[in-house]
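# Commentary on secondary and tertiary structure
The primary structure of each chain is shown beneath.
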Amino acid sequence: GILANWLVCVAVMMASAAGDFTSKTLVIWPPIAAFVAMGLEHSIANMTIIPIGMFAGADITAAEFIVGNLIPATLGNIVGGVVCVAGAYHLAFHADAMRLDRLA
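Residues numbered from 1 in each chain as written. Predicted model: local features only at pLDDT ≥ 70, side-chain atom pairs only at ≥ 80, totals over all residues. Heavy atoms only, no water.

## Brief notes about the packing of helix α1 (residues 2–17) against helix α2 (residues 21–37)
Rule in force here: For helices, the axis comes from a line fit to the C-alpha atoms of the stretch in contact; other axes are also lines fit to C-alpha atoms, and the angle between any two N-to-C directions lies between 0 and 180 degrees. Secondary structure elements are taken from DSSP: a helix is a run of H or I of four residues or more, a strand is a run of E of two residues or more, and numbering for both begins at the N terminus. Throughout this description, any angle smaller than 35 degrees is read as roughly parallel, any larger than 145 degrees as roughly antiparallel, any in the 65 to 115 degree range as roughly perpendicular, and the remainder as oblique. Residue contacts follow a heavy-atom distance rule, with two residues in contact if any of their heavy atoms lie within 4.5 Å. Under this grouping Gly is polar, as are all residues other than the nonpolar Ala, Val, Leu, Ile, Met, Phe, Trp, Tyr, Cys and Pro and the charged Asp, Glu, Lys and Arg.
Direction vectors running N to C along α1 and α2 enclose 175°, while the axes themselves pass 8 Å from each other. The orientation of α1 with respect to α2, classified from their angle, is roughly antiparallel. Packed against α1, whose contacting residues are Ala4, Leu7, Val8, Val10, Ala11, Met14, Ala15 and Ser16, the element α2 presents Lys24, Val27, Ile28, Pro31, Ile32, Ala34 and Phe35 at the interface. Among the residues forming the contact of α1 with α2, the class breakdown is 13 nonpolar, one polar and one charged.

Here's what the structure looks like:
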């Protein structure tokens, strides 16, 4: 969960910083490829893939999916997004933002 959401957030931030469509497309590939290659758990991806498997006959109940996968993955995604991404940005740029607020 934690590393999965960190990689997804990195892809989104890199795409936001890129200027044109081609650049945006190219910069999301490395973090998303790493996410897929490592087989990480991301709650949004799991909310699609696991129910498809359940409809196809996978031996898992909705309760097992929610308790055993969705809740832990979601908690890890929250930690990855809030602590690892937003927290790092806050530490890196908070002083600059405060200085700009005083100048305005």
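## What about the confidence of the model for the chain?
Formally: The predictor rates its confidence in each residue with pLDDT, a number between 0 and 100.
Of all residues in the chain, 94% have pLDDT values of 70 or greater, and the mean over the chain is 87. Between the elements of the chain, mean pLDDT differs from a low of 83, seen in helix α4 (residues 62–103), to a high of 92, seen in α2.

## Some words on α2
Short version of the rule: Each helix should span, by expectation, one fewer than its residue count multiplied by 1.5 Å. Note that bend, as reported per residue, equals the angle between axes fitted to the 7 residues terminating at that residue and the 7 residues originating from it. Here a polar contact is recorded for every N or O atom pair within 3.5 Å, except that within protein the pair must consist of a potential hydrogen donor and a potential acceptor, and residues adjacent in sequence are included only if both atoms are side-chain atoms.
Here α2 spans 24 Å end to end across 17 residues, near enough to the 24 Å set by a 1.5 Å rise per residue. Taken as a whole, α2 carries its principal kink of about 30° at Trp29; the proline Pro30 stands between one and four residues after it. At the N-terminal end of α2, a side-chain oxygen is found 3.3 Å from the backbone nitrogen of Thr22, two or three residues along, and the residue is Asp20.

## Brief notes about a nonpolar patch on the surface
Rules: To count toward a patch, a residue needs a relative accessible area above 30% and no salt bridge. Like charges then connect within 9 Å, nonpolar side chains (Val, Leu, Ile, Met, Phe, Trp, Tyr) within 5 Å. Each accessible area is a Shrake-Rupley estimate made with a 1.4 Å probe; only the visible protein chains count as cover when residues are assessed. In the sections that follow, a salt bridge refers to a side-chain nitrogen of Lys or Arg positioned within 4 Å of a carboxyl oxygen of Asp or Glu.
A contiguous nonpolar patch, built from Ile2, Ile66, Val67, Ile71, Leu75, Ile78, Val79, Val82 and Val83 and spanning about 780 Å² of accessible area, is present on the exposed surface. Among the elements that make up the nonpolar patch, the one with the highest residue count is α4 (eight residues). Its place among the elements puts Val82 in helix α4.

## Comments concerning the packing of aromatic side chains
Basically, it comes down to this: Ring geometry is summarised as follows: Phe, Tyr and Trp rings, the Trp one being its six-membered ring, pair when their centres sit within 6.5 Å, and such pairs are stacked at plane angles under 30 degrees, edge-to-face over 60 and tilted between the two. Only protein chains enter the accessibility calculation, which uses a 1.4 Å probe. A residue is then buried if its area is under 20% of the maximum for its type, exposed if over 50%, and partly exposed in between.
If you walk through the whole model with that rule in mind, you get one aromatic pair. Seen from their ring centres, Tyr89 and Phe93 are 5.3 Å apart, and the 55° between their planes marks the pair as tilted. Taken together, the positions of Tyr89 and Phe93, both in helix α4 and four residues apart, correspond to about one turn of that helix. For Phe93, a relative accessible area of 45% translates into the label partly exposed.

## Considering the side chain of Ser43
If you trace the backbone, Ser43 turns up in helix α3 (residues 43–55). With residues up to four places along the chain from it excluded, the contact list for Ser43 reads Leu70, Ala73, Thr74 and Asn77.

## Some words on α1
Spanning 16 residues, α1 covers 23 Å between terminal C-alpha atoms, matching the ideal 22 Å at 1.5 Å per step. Restricting attention to buried positions, one finds in α1 the residues Ala4, Asn5, Leu7, Cys9, Val10, Ala11 and Ala15.

## Concerning the side chain of Asn69
Along the chain, Asn69 falls in helix α4. Looking at Asn69, the relative accessible area reads 16%, which means it is buried. Within polar-contact distance, the side chain of Asn69 engages the side chain of Glu41 at 3.0 Å. Reaching out from Asn69, the side chain makes a polar contact with the side chain of Asn46 at a distance of 2.7 Å.

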